[in-house]
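Next come the chains, spelled out residue by residue.
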Amino acid sequence: MGTTEQLNQNKRKKRKAFTPEGEFRYALETCSKNNNLSQALSLYENALSHNINLNISHINTLLYLCSNSLSSPLPNSDELSPDQSAIEKGFQIYNHMLDHNVSPTEATITAVARLAAAKEDGDFAFKLVKDLEKCKILPRLRTYGPALFTFCRKTEADKAYSVEEDMLSKGIVLEESEISALLKVSVETNKENKVYLYLQKLRSFVKCASGSTGEIIESWFKGKLASEVGTPDWDVEKVKEVVLKNGGGWHGLGWLGKGAWEVCKCQIRPDGCCLSCCEDLVPVDIDHVETERFAESIASLAAKREAKANFSQFQKWLESNPGYEAIVDGANIGFYQQNFVGGGFSISQIESVVRELCRRGEKKWPLVILHNQRVEALMKIPSSRELLEEWRAQGALYTTPKGSNDDWYWIYAAVKNKCSIVTNDEMRDHIFELLGQDFFLRWKERHQVHYTFVKGVVKLQMPPPYSTVIQESATGSWHFPLIGEYSEEASRTWLCINRRQIPSTCVANDIDEMACTDKKVADSCSVSGKRKR
């Protein structure tokens, strides 16, 4: 007897030993794997006729199949359309659950909410989510989706906003599809303040917009209302100050300017210049408040893992020695391409990085972070001792105490000084995971300087001159990067959106170079590399 046949026989013997409940569970799991709603519903009817108790797992499987098969044909259903039949059967199963006092889970409510959305009943879908509070079950993003998308689809904007408000109260973060739907319903109902709000939310939570979101954005800016809203005069210096405080790339003060918008698709030059309007895109950082919170969180975590007195001493030292423009991870650079087995460490490589940073015109020497034990060893070498003493004299060296982790020191120094950190450490270790991935990665993108040595000569790879994120300029224009497959960043398609006329306030304040919207000038800029000044 072959192995396969023997296995099949063993399976059949096991199945014969199943109870009716076991047979039902096994058959239902098979239906779930095969996405077979018709067979699952037959099993359900058979289970009812044989008084088999249905638990929440059975219910959820049946409801999932109903909600997942709304567009699939359902055989042997002459009276109802496939969708109607699936919806009706789904609600029958849900009501059976309620009649038998089976407690729902989040998956239950999500599936039933989808069935309600298929009936265009957003109110019931939202009620289901609200009722979860009685069961002390936390909803998820997917739980709210049916109600939110139904209200948006039916242009019931205020109801959609109520769903979002409830989501935010539960700490749920919206993703592009939800923000895009809210943006669309705001455009369709001419709510210009809401449009501005959701454009800002796209900027905050979505790095690059999808094609469908881009179409919604275009539809707003090409519309009549968009040309009518906004202020023709504004405090230019105040806007600049807010942009700087926000970390660059946005102000959030509302629509600036008045008049028709010019919308086009374009590319951005490697130096950040828009090839359509000649405006410079900028590197976008975390804002001042976020930076301070970030520094506090690092200090708090470090104090728990380092000797508290040692790290507090470092904090006080930094306060009395402010103004660093770069921090140098000495260990990472000293050990770069060295023989670890032989204990190789190159202080000359650190010296090359320090001198290169000084050559770039920094006002203050960079701060080198090195462990005390490493410094003690280097001080025994005359040439190294001379170099270390020079760094100390310039305030360019801090030695971390025995038993400490250098990483806490150099990352705190970089965040506190709002400056760059020269290291090839990709910061994937456990201590960096504690800092929060999304937030931390945004900071890292703007502040990490990588390096390499080519025939002994250091090459620094500075952060990109601009960030590939949605940007709102001090003149009120917008740039939206679009999702796509690009061999290089300069090939990416962007939406460039700006007023056709430069506000008189901007001209008076000599910032017309930031709003070079004349097509001939823009073409000239792209060819010659010069901007209107």
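Since the structure is predicted, the reported quantities are computational estimates derived from the model, not experimental observations.

Q: When you look at the sheet that holds strand 9 (residues 478–481) in this model, what are you seeing that I'm missing?
A: Ordered in space as 1-10-9-8, the four strands form an open sheet in which the pairing is antiparallel. Looking along the sheet, the strands with just one partner apiece sit at the ends: strand 1 (261–266) and strand 8 (471–472). Note: strand 1 against strand 10 (residues 494–499), six bridges, orientation antiparallel. By the bridge assignment for strand 10, Val-263 is matched with Ile-497. Relative to strand 9, helix 11 (residues 192–205) is tilted by about 45°, and along the sheet it contacts strand 8 and strand 9. Along the sheet, helix 12 (residues 211–221) contacts strand 1, strand 9 and strand 10; its crossing angle with strand 10, the most-contacted strand, is approximately 15°.

Q: I keep staring at helix 16 (residues 308–320) and nothing clicks. Help me out?
A: An α-helix turns once every 3.6 residues. As a result, residues three or four positions apart point the same way. A rise of 1.5 Å per residue sets the reference length of helix 16, with its 13 residues, at 18 Å; its end C-alpha atoms lie 19 Å apart and thus fit the reference within 8%. All of the buried residues along helix 16 are Phe-311, Phe-314 and Leu-318. For helix 16, the angular spread of buried residues about the axis comes to 50°, placing them on one side. Along helix 16, the residues that are exposed and aim more than 90 degrees away from the buried face are Lys-308, Ala-309, Gln-313, Lys-316, Glu-319 and Ser-320.

Q: In this structure, what is going on with the pattern of salt bridges? I would like to understand it.
A: Across all of its chains, the model carries 27 salt bridges by this definition. When the shortest N-O distance is used, the salt bridge between Glu-188 and Lys-184 registers 2.5 Å. Separated by four residues within a single helix, Glu-188 and Lys-184 lie in helix 10 (residues 176–188), roughly one turn from each other. Through salt bridges that share partners, Lys-130, Glu-133, Asp-166 and Lys-170 make up one connected network.

Q: Sorry, what's going on with the packing of helix 9 (residues 157–169) against helix 10 here?
A: Packed helices, taken two at a time, are described by the angle between their axes plus the distance between the axes. Axis separation between helix 9 and helix 10 bottoms out at 10 Å; the angle between their running directions is 150°. In terms of orientation, helix 9 lies roughly antiparallel with respect to helix 10. With respect to the hand of their crossing, helix 9 and helix 10 are arranged in left-handed fashion. Along its contact with helix 9, which presents Ala-157, Ala-160, Tyr-161 and Glu-164, the element helix 10 presents Leu-182, Val-185 and Ser-186. Of the residues in the contact of helix 9 with helix 10, the class split is five nonpolar, one polar and one charged.

Q: Would you mind showing me how to read unusual backbone geometry here?
A: Glycine aside, residues mostly have negative phi, and peptide bonds are mostly found in the trans state. The backbone phi angle of Asn-35 is positive, close to 55°, even though this residue is not glycine. Assignment of secondary structure puts Asn-35 in the loop between helix 2 (20–34) and helix 3 (37–49). Even without a glycine there, the phi angle at Lys-455 is positive, about 55°. Of note, Lys-455 is situated in the loop between strand 6 (448–454) and strand 7 (457–461).

About the cut-offs
Residues numbered from 1 in each chain as written. Predicted model: local features only at pLDDT ≥ 70, side-chain atom pairs only at ≥ 80, totals over all residues. Heavy atoms only, no water. Pairing = 2+ DSSP bridges. Helix = DSSP H or I, 4+ residues; strand = E, 2+ residues; numbered from the N terminus. Contact = heavy atoms within 4.5 Å. Axes fitted to C-alpha atoms, helices over the stretch in contact; angles between N-to-C directions. Expected span 1.5 Å × (residues − 1). Buried < 20%, exposed > 50% of the residue type's maximum accessible area, 1.4 Å probe, protein only. Arc of directions from axis to C-beta. Salt bridge = Lys/Arg side-chain N within 4 Å of Asp/Glu carboxyl O. Parallel < 35°, antiparallel > 145°, perpendicular 65-115°, else oblique. Left-handed = near helix turned anticlockwise from the far one by under 90°. Nonpolar A, V, L, I, M, F, W, Y, C, P; charged D, E, K, R; others polar.

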